[in-house]
Amino acid sequence: MKIVSARLFRVVLFIFIGLSSARFAAAQKTRPDGEKPSLPSLTGDVITPSRGIGPFDAKQAKEWHDTAEILCAQSRYEEAEKLYLRLLEEREHALGLNNPELANDLNDLGRVSFAQMKYQQATSYYERSLQIMETSKGRQDLAVVGPLEKLTRISQTLEKYTQAEQFARRAVAVVERVKGPDAPELAPELIAVGELLLIQKQFSSAEPMFDRAVHILEKSAGVTSAALLRPLDGLAAAFDNMHRQNDAEAVWRRALSVRESAYGPSTVEVAGTLDHLGKLYFTQKRYPEASYCYERALYIRTKALGEAAPDTQATLSEVAMVYAAAGRQTDAEPLFRGMLTAKELDTVSSLNSLAALLAVKNRNAEAETLYKLSIVLLDKNGFVTARKPVLTPGDAPPPQLAETLDQYAALLKKMRKKADAAKMEARARILHGAPAPAPAPASAAKKKAQ
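None of these values were measured; they are calculated from a predicted model.

**Student:** What exactly am I supposed to notice about the overall build of the protein chain here?
**Tutor:** Tallying secondary structure elements over the protein chain gives 20 helices and zero strands in all. The 450 residues of the protein chain split such that 38% are buried. Of the contacts formed within the protein chain by residues at least 6 apart in sequence, a portion of 56% connects residues at least 24 apart. Here the protein chain has roughly 26200 Å² of accessible surface; of this, 55% comes from carbon and sulfur atoms.

**Student:** Would you mind going over helix α6 (residues 145-157) with me for this structure?
**Tutor:** Side chains three or four residues apart in an α-helix point the same way, a direct result of the helix having 3.6 residues per turn. Here α6 is 13 residues long and its end C-alpha atoms lie 18 Å apart, about the 18 Å a rise of 1.5 Å per residue gives. Along α6, the residues that are buried comprise Val-145, Pro-147, Leu-148, Leu-151, Thr-152, Ile-154 and Ser-155. Contact partners of the buried residues in α6: α4 (102-115), α5 (119-136), α7 (161-179) and α8 (186-199). Just beyond α6, the residue with positive phi is Glu-159, at close to 65°.

**Student:** Can you walk me through the side chain of Ser-155 in this structure?
**Tutor:** Within the element layout of this structure, Ser-155 appears in helix α6. Take Ser-155: its relative accessible area is 3%, and that puts it in the buried class. Other than its neighbours up to four places away in sequence, Ser-155 contacts Lys-160, Gln-163, Ala-164 and Phe-167.

**Student:** Help me understand unusual backbone geometry in this model?
**Tutor:** Among all residues save glycine, negative phi is the norm, and among peptide bonds the norm is trans. A positive phi angle, near 60°, is found at Met-117, a position not held by glycine. Structurally, the position occupied by Met-117 is in the loop between α4 and α5. Despite not being glycine, Glu-159 has its phi angle at roughly 65°, a positive value. By relative accessible area, Glu-159 is classed as exposed at 58%.

Quick notes on the rules
- Residues numbered from 1 in each chain as written.
- Predicted model: local features only at pLDDT ≥ 70, side-chain atom pairs only at ≥ 80, totals over all residues.
- Heavy atoms only, no water.
- Helix = DSSP H or I, 4+ residues; strand = E, 2+ residues; numbered from the N terminus.
- Buried < 20%, exposed > 50% of the residue type's maximum accessible area, 1.4 Å probe, protein only.
- Contact = heavy atoms within 4.5 Å.
- Areas by Shrake-Rupley, 256 points an atom, 1.4 Å probe, with all protein chains shown as cover.
- Expected span 1.5 Å × (residues − 1).

Structure follows, in structure tokens:
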């Protein structure tokens, strides 16, 4: 029985080998001359096709993509991400792992990952997109600019400014080489580099980037185009930080004119530029010009946002501070009093900080004016001005009043106003809950008099 089984096995084996050889010979005859035949698969009857040789249903892919876009519009990024991943897998299966058509799917995945603050994951998608474009199109092709811009944005978000600058500079180099040094497409890349240099406080290096972008846009879009605003703002900021105030003023004035033309003279966009000019004039002690800018910004924001809006309140504070610094206490006081109660302590902090700065610069009279305004704001019940001040437990002044009186007393001593300083110190002690100093012994007082 064993001998029969062995013979039967040999017969079956010979038949199987013969059939395989016949199939292999037939395959050789049907192939072009010189092409080597592939070996038969040894994995079984069901063969899974490798990536790059599968069918691709374009209609189904479009449905998935459209659905994912709708989900993104609804901020349902996690669900959209699953569809984009499926699209990527299908396209990889059909086209291979390095086909340029994968870039769109990778960019979509990077976008939804970024929206979910999954920055490392987004980076990996954009890096792969960049690598595919470099391989398929070349390192100097415009196709690499898109991934470079996205990698710049992510690096900047992660505060990796040096890395972001490298990506942005490479984008500049590619666009300049392909399109030329005066191409309109070059302007946004130059602006991106300039803004990164501003963040890194490399102001002198940022200036030529913005200046070049301005000249490109003037030629391509016109001297009054709103496209000029971003590089103009950057250029003005660079000049201001380099203490080139005259240049900064000229650029911000031009930006103001462009914004008025593009958006209208009474829009919040215009108010933002007026803020910059107001701050510039304030630091130069050009108080009339600063007052005009802040007053106009206040009017715009009150009209557009309402009196209670945070931006309106902040501008109101700026107006009042300019009035105070200019010695217009009568004008400043009602503005401060009209502010929301929640903002008063913040305003006092700003006033005291400015007063301290002025005192360091020996601008004592201006500092004294600001401290007086702080006291007016904090002392609702006339505690400081009373001949015999008394604390009312249920309506005591805020603790910040004692701190302000301490600072004010120090300034008065510096100004040799000893009697006024002693009065402020006495009231500050009451607020601090400290006992009055013991009177000096008679012998010590006599010796001091001598």
